[in-house]
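Here is what each chain is made of, one letter per residue.
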Amino acid sequence: MDLDSYKKAREVFMKEHEEKYDGFTRLMLGLSVTFITLVVGLQSASAGQLSLMLKSAVVVHSLSILSGVWVQYLVMAQPLYDLKRAYKLAEEVLEEKRANPGWFERPPSQTQVVCFNVQVITFIFAFVLVVLAVVA
């Protein structure tokens, strides 16, 4: 890997990181506004008036949001990790430890997969709890 190839890879990874960082920032701002709205809405009524199912749905949905934020953070940081890997490969080529930089895949990490699954499952469970609380 020559210096020009590394510069191109760096440019691609940094652009990807910037786009994902912008999306992450919008997500955090949206969640912050939603959280403030939820707190104000719950304060206007007595928490004792909420059914156990609705209280459980809020807790489960909070877990969904937390795992979703963690997934988004990991996705946003991934291009930086990939850039570090590309730099190590470029160094190894320059130090003649390897003949070519090789190829590296970019599959989601096991942490991303687990957090994503937790997010989806808890969201669906919270949704079902809200529907059942309203219908019942």
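Along each chain, numbering runs from 1 in the same order as the chain's sequence is written. At least 70 in pLDDT is required for a residue's local features to be given in this predicted model, at least 80 for side-chain atom pairs to be given and counted, and no such filter applies to totals for whole chains, interfaces and linings, which use all residues. The side-chain figures draw on all heavy atoms in the structure; neither hydrogens nor water molecules are used.

Caption draft 1: Spatial organisation of the overall build of the protein. Secondary structure follows DSSP: runs of H or I at least 4 residues long count as helices, runs of E at least 2 residues long count as strands, and numbering of each begins at the N terminus. Helix and strand content of the protein: three helices and zero strands. Across the protein, helices and strands are ordered from the amino to the carboxyl terminus as α-α-α. Per-residue burial over the protein gives 23% buried out of 136 residues. In this analysis, two residues are considered to be in contact whenever any of their non-hydrogen atoms come within 4.5 Å of each other. Of all intrachain contacts in the protein linking residues separated by at least 6 positions in sequence, the fraction that spans at least 24 positions is 84%. Categorising residues by exposure relies on relative accessible area from a 1.4 Å probe, with only protein chains included: less than 20% of the type maximum marks a residue as buried, more than 50% marks it as exposed, and the intermediate range marks it as partly exposed.

Caption draft 2: Quick peek at the pattern of salt bridges. By salt bridge we mean one thing: a side-chain nitrogen of Lys or Arg within 4 Å of a carboxyl oxygen of Asp or Glu. Going through the model one piece at a time under the given rule, you end up with four salt bridges. K20 is the salt-bridge partner of E16, the closest N and O atoms lying 3.0 Å from each other. Taken together, the residues span about one helical turn, with E16 and K20 both in helix 1 (residues 3-44) at a distance of four residues.

Caption draft 3: Local environment of helix 2 (residues 52-94). Expected helix span is given by 1.5 Å per residue-to-residue step, counting one fewer step than there are residues. Look at helix 2: 63 Å from first C-alpha to last across 43 residues, which is about the 63 Å you get at 1.5 Å a residue. A positive phi of about 60 degrees marks E96, the residue just after helix 2.

Caption draft 4: The arrangement of helix 3 (residues 110-135) in detail. The end-to-end C-alpha distance of helix 3, which contains 26 residues, comes to 38 Å, matching closely the 38 Å that a straight helix rising 1.5 Å per residue would cover. Turning to helix 3, its buried residues number three or more, namely Q112, C115, T122, A126, L129 and A133. Considering only its buried residues, helix 3 is in contact with helix 2.

Caption draft 5: Up close: the nonpolar core. Grouped together as the largest cluster of nonpolar side chains are six residues: Y6, A9, F13, L83, A86 and A90. Elements represented by at least two residues in this core include exactly helix 1 and helix 2. As used here, the term nonpolar core means buried Ala, Val, Leu, Ile, Met, Phe, Trp, Tyr and Cys residues forming a set that is joined through side-chain atoms within 4.5 Å.

Function cannot be inferred from these measures alone, as they are strictly geometric.
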